[in-house]
Each structure stands twice: as structure tokens, then as C-alpha cells.
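Below, each chain spelled out in residue letters.
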Amino acid sequence: GIVSYQYRDLSGALLKFFEQLEAFVKAKWKARNDETNRLNPIEEIEFTAREIRETTRWSQTSVFQYLTDLVKLDYLSRAGRNGEVAKYCLHSSSK
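Everything in this summary refers to the structure shown in the same document. (Residues numbered from 1 in each chain as written. Predicted model: local features only at pLDDT ≥ 70, side-chain atom pairs only at ≥ 80, totals over all residues. Heavy atoms only, no water.)

Turning next to the overall build of the protein. Across its full length, the protein holds three helices and two strands. Its helices and strands in sequence order give the protein the pattern α-α-α-β-β, from N to C terminus. With 95 residues in all, the protein has 35% of them scored as buried. Taking all contacts inside the protein whose residues are at least 6 apart in sequence as the whole, residues at least 24 apart take part in 53%. Counting every atom, the protein has about 6,200 Å² of accessible surface; 47% of that belongs to carbon and sulfur. (Helix = DSSP H or I, 4+ residues; strand = E, 2+ residues; numbered from the N terminus. Buried < 20%, exposed > 50% of the residue type's maximum accessible area, 1.4 Å probe, protein only. Contact = heavy atoms within 4.5 Å. Areas by Shrake-Rupley, 256 points an atom, 1.4 Å probe, with all protein chains shown as cover.)

This is how it looks when you write it as C-alpha cells:
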């Protein structure tokens, strides 16, 4: 199902950013499910910082900082080695 978070760790601009990020991921998740005709877990939806910058229109610095904060708070997972484009995905609310 769709990830449901309690936003107790988030406030202000970080909360606003996460809400926009979550809406982006849900839209991407819905599009993928429509294409494949199967229900993929939302946690499998990967995205890059560039996709988020283009969608939210937040600055590169803000996006980097907020993604870093959300990884530290366990709202996101980050994959990719040095020299590779980092990909992120939502953490399951059950973790």
C-alpha cells in the first residue's frame, strides 16, 4: 500500500519538501503500476535529486540538504557509489 508517515520528526521547510517529494513518488508509483498492470511496492520507486529539483523547483543546495536530512531521519534510503548518480527511495513506514 501507500506509505504513511507520522511527520513528528519533520517541521517547516523540511516537512513541505517531504510532502512534495511524497506526492511526486506517489504519482511515479501510480504511472508505473498503470504501465505494468501490477501493484509494485512504492518503496521500489527510485528517484534522483535532479528529478526532485525539476519537479519541486527547489534549489540544488536545498534539495541536497533536505534529501540528506531525510536519509538521516530514515524517511529515505540512498543507493549509489561515489561517482554514480545517487538514487533515493522511500522507506517503508513499518521499518
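Structure shown, so let's carry the discussion forward.
Formed by 23 residues in total, the largest nonpolar core has its most connected members in Phe17, Leu21, Val25, Phe47, Leu67, Leu70 and Leu76. Sorting the residues of this core by element identifies helix 1 (12–36), helix 2 (49–56), helix 3 (60–72) and strand 2 (87–90) as the ones contributing at least two each. Apart from residues no more than four positions distant in its own chain, Leu70 is found in contact with Leu10, Leu14, Phe17, Phe18, Leu21, Tyr75 and Leu76. (Core = buried A, V, L, I, M, F, W, Y, C linked by side-chain atoms within 4.5 Å.)

In this section: the packing of aromatic side chains. Under the criterion given, the structure shown has six aromatic pairs. On the numbers, 5.6 Å between centres and 80 degrees between planes, the contact of Phe17 with Trp58 is edge-to-face. On the criterion of sequence distance, the pair formed by Phe17 in helix 1 and Trp58 in the loop between helix 2 and helix 3 is long-range, its members being 41 residues apart. A relative accessible area of 0% places Phe17 in the buried class. Between Trp58 and Tyr66, the ring centres sit 5.3 Å apart and the planes meet at 80 degrees, which makes this aromatic pair edge-to-face. In terms of burial, Trp58 and Tyr66 fall into one category: buried. Joined through ring pairs, the aromatic side chains of Phe17, Trp58 and Tyr66 make up one cluster. (Phe/Tyr/Trp six-rings, centres within 6.5 Å; stacked < 30°, edge-to-face > 60°.)

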